[in-house]
Amino acid sequence: VALGLYFPRKEYLENVYIDEPAGMPLLRIHALKDSHEEVPHFHLCQNLIISQARSHENNWFQIKEKKGLLYLSKSLDREDFNMLSVRNWMPLSKVMLYVFLSSHPFQEKECDSATRTTVFLSLINATAPACSSLTARQLCFTEMDLSFHIKENKPPGTLHQLQLPSVHHLCQNLSISYKLLAAESVPFWYNENTTSVWVTQRLDREERERYELIAKCTVREGFREMQVEVPFLVNVLDEDDSPPFLPNGTDTADAVVEFNRKEGTVLSTLTVYDADTTPIYPLASSRKKYTGTIITDDPWISETFRVEHIFDEIHFSPNGSQVRGTRHEY
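Quick caveat: nothing in here was measured; it's all calculated off a predicted structure.

Trainee: I tried to follow the overall build of the chain on my own but got confused; where do I start?
Mentor: For the chain, the helix and strand inventory stands at 5 helices and 19 strands. Here the chain has a C-alpha radius of gyration of 27 Å; the compact-globule value for 330 residues is 20 Å, and the former is much larger. Taking the principal axes of the C-alpha coordinates as reference, the chain spans close to 85 × 50 × 40 Å. When burial is assessed residue by residue, the chain has 42% of its 330 residues classed as buried.

Laid out in structure tokens, this is it:
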């Protein structure tokens, strides 16, 4: 079943300053594909959400439908800031908007049903600081951590752009370059020309569940050079594509019952492993997925004996990497 395009992040964060010009690029959002044929289309549907009780028509932000580039369509002045602020004396106002995703051009009515991600914008009641006053960390990376999720068995694609569009736009006399560092060979590739990070192949969660890389940034200004490194983490999401397996290959267990056994006596056990899924809560949801059955035509046996099912999370180690799974005991 094709579940469609999806975002590799649940949320994005960005700062917006007073009087930044219309057309100012703020944030690049990417989508990953469920199948090769899909073409992502991005859209902003709803109002800006200022607080739980308030929203306002979005007159300032727009997104390029095919590129996913969020930009200022109108300069935000102090009057606008006061309108979008919960309290006028606050130096900062947080607003939220939703970016929606579809595999074809958008119709407005689709907004409620489409896949979406959340963008948190910090509106700052000050003009943008001079590039020379920013630290290497501020020039290279936003405040959000570089943490992503990729569904297993899906086509390769662009995951993230390291270069900050706003910094690149404002600080053109600085040289900012990036590298993606990994301890061993990983299925990710950094394109220096576009500063984009690609996943290069379909991933298998049962082989590896988490990749830990480092994004390294170098800022050069004349003879001065600054470097900063931050973790770049990718979690692989499960698709439930592998069957459970039995450690000794048999899916039945014989039970010998002697006289005078007390109620609650364990007569026989059967263990089943599942490298594909981890325990789901509430526990009843996990129990429904697997059932243990006593095979008999004798109603007395059905009334007198029962199968109990307990399970816990365990770790498998394919290729030396820890992958979570479940052990079921019957």
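On we go from here.
Trainee: Just checking my understanding: could you explain the layout of surface pockets for this structure?
Mentor: A water-sized probe, rolled over the atoms, reveals where empty space remains. The volume enclosed by the largest pocket comes to roughly 1400 Å³. Along its surface, the largest pocket is lined by 37 residues, and S268, I294, F305, R306 and V307 are the ones closest to its centre. Ranked by the residues each element gives to the lining of the largest pocket, the list is headed by helix 5 (residues 299–304), at 3 residues. Each residue belonging to the lining of the largest pocket can be placed in one class, and the counts come to 17 nonpolar, 11 polar and 9 charged. Around the second largest pocket, the lining comprises 23 residues; the ones closest to its centre are E14, N15, Y17, Q138 and V167. Of all elements in the fold, only strand 1 (11–17), strand 9 (115–124), helix 2 (136–140) and helix 3 (165–170) reach the threshold of two or more residues within the lining of the second largest pocket. Per-element tally for the lining of the second largest pocket: the top contributor is strand 1, with 4 residues. Across the lining of the second largest pocket, the residue classes break down as 13 nonpolar, 5 polar and 5 charged. Each of two domains, domain 1 (1–128) and domain 2 (129–238), supplies a minimum of three residues to the lining of the second largest pocket.

Trainee: Which parts of the structure should I look at to understand the state of the cysteines?
Mentor: Put plainly, two cysteines are in a disulfide when a covalent bond ties their sulfur atoms together. Throughout the structure, instances matching the rule amount to 2 disulfides. The side chain of C131 participates in a disulfide bridge whose partner is C171; the two sulfur atoms lie 2.0 Å from each other. Residues C131 and C171 are joined by a disulfide whose S-S torsion is about -85°; by sign, that bridge is left-handed. On the criterion of sequence distance, the pair formed by C131 in the loop between strand 9 and helix 2 and C171 in the loop between helix 3 and strand 12 (175–181) is long-range, its members being 40 residues apart.

Trainee: Just to check I follow, could you spell out the environment of L174 for this structure?
Mentor: Relative to the helices and strands, L174 is located in the loop between helix 3 and strand 12. For the pair L174 and C131, spaced 43 residues apart in sequence, the C-alpha to C-alpha distance is 8.4 Å.

Trainee: It is not clear to me how the pairing of strand 15 (residues 210–221) should be interpreted in this structure. Could you clarify?
Mentor: For a regular strand, side-chain orientation follows a simple rule: the groups alternate between the two sheet faces. Sheet topology note: the strand 12/strand 15 ladder contains 7 bridges and is antiparallel. In the sheet register, L181 faces strand 15, and the bridge partner there is I214. Across 12 bridges, the pairing between strand 15 and strand 16 (residues 224–237) is antiparallel. Bridged to C217 within strand 16 is V228. In this antiparallel pair of consecutive strands, strand 15 and strand 16, the connection spans 2 residues, and G222 shows a positive phi of 60°.

Trainee: Would you mind going over the domain arrangement of the chain with me for this structure?
Mentor: One frequent convention defines the size of an interface as the accessible area lost when the parts assemble. One can read the domain layout of the chain as domain 1 (1–128), domain 2 (129–238) and domain 3 (240–329). Listed by partner, the interface residues are 28 residues for domain 1 and 26 residues for domain 2. The largest share of the area that domain 1 buries against domain 2 comes from Y6, R9 and H30, three residues that together contribute 25% of it. Run the count over domain 1 and domain 2 and you get 2 salt bridges. Ionic pairing is found between R9 and D145, a salt bridge with its closest N-O pair at 3.7 Å. Here the side of domain 1 that touches domain 2 gets 6 residues from one element, more than from any other, and that element is strand 1. Of the residues in the side of domain 1 that touches domain 2, the class split is 15 nonpolar, 5 polar and 8 charged.

Trainee: Explain the sheet that holds strand 18 (residues 310–316) to me, please; I cannot follow it from the model alone.
Mentor: To summarise the sheet geometry, strands pair through backbone hydrogen bonds and adopt either a parallel or an antiparallel arrangement. The strand order across the open sheet built from 3 strands is 17-19-18, with neighbouring strands paired in antiparallel fashion. With partners counted over all chains shown, the strands left at the sheet margins are strand 17 (271–274) and strand 18, one partner each. For this sheet, the mean angle separating the axes of adjacent strands, direction not counted, is 25°. Pairing of strand 17 with strand 19 (residues 323–329), which is carried by 4 bridges, proceeds in the antiparallel orientation. Along strand 19, the bridge assignment pairs D274 with T326.

Trainee: Please clarify how the side chain of K154 should be interpreted in this entry.
Mentor: Along the chain, K154 falls in the loop between strand 10 (146–151) and strand 11 (157–161). Polar contacts involving the side chain of K154 include one to the side chain of E239, which spans 2.8 Å. Aside from chain neighbours lying at most four places away, what touches K154 is Y6, K33, D34, R202 and E239.

Trainee: Which parts of the structure should I look at to understand the nonpolar core?
Mentor: Side chains of nonpolar character tend, in soluble globular proteins, to be buried together. Within the largest apolar cluster, 35 residues are counted, with the highest numbers of intra-cluster contacts made by F141, I150, L159, L162, F188 and F232. For this core, the elements supplying multiple residues, two or more each, are helix 2, strand 10, strand 12, strand 13 (188–191), strand 14 (196–199), strand 15 and strand 16. I150 has contacts with Y6, L32, L159, F188, V199, L203, V234, N235, V236 and L237, leaving out every residue within four places of it along the chain. Judged by nonpolar contacts, the second largest core, of 30 residues, contains V16, L26, L27 and V99.

Parameters and conventions
Residues numbered from 1 in each chain as written. Predicted model: local features only at pLDDT ≥ 70, side-chain atom pairs only at ≥ 80, totals over all residues. Heavy atoms only, no water. Helix = DSSP H or I, 4+ residues; strand = E, 2+ residues; numbered from the N terminus. Rg over C-alpha atoms; globule rule 2.2 N^0.38 Å. Buried < 20%, exposed > 50% of the residue type's maximum accessible area, 1.4 Å probe, protein only. 1 Å grid on protein atoms, 1.4 Å probe; cavity = no way out; pocket = protein on both sides within 12 Å on 5 of 7 lines; lining within 4 Å. Points joined across faces, edges and corners; volume = space filled by probe spheres on them. Nonpolar A, V, L, I, M, F, W, Y, C, P; charged D, E, K, R; others polar. Domains from an automatic or database assignment. Disulfide = S-S within 2.5 Å. Pairing = 2+ DSSP bridges. Contact = heavy atoms within 4.5 Å. Buried area = accessible area lost by both parts, 1.4 Å probe. Salt bridge = Lys/Arg side-chain N within 4 Å of Asp/Glu carboxyl O. Axes fitted to C-alpha atoms, helices over the stretch in contact; angles between N-to-C directions. Polar contact = N/O pair within 3.5 Å; in protein donor to acceptor, adjacent residues only side chain to side chain. Core = buried A, V, L, I, M, F, W, Y, C linked by side-chain atoms within 4.5 Å.

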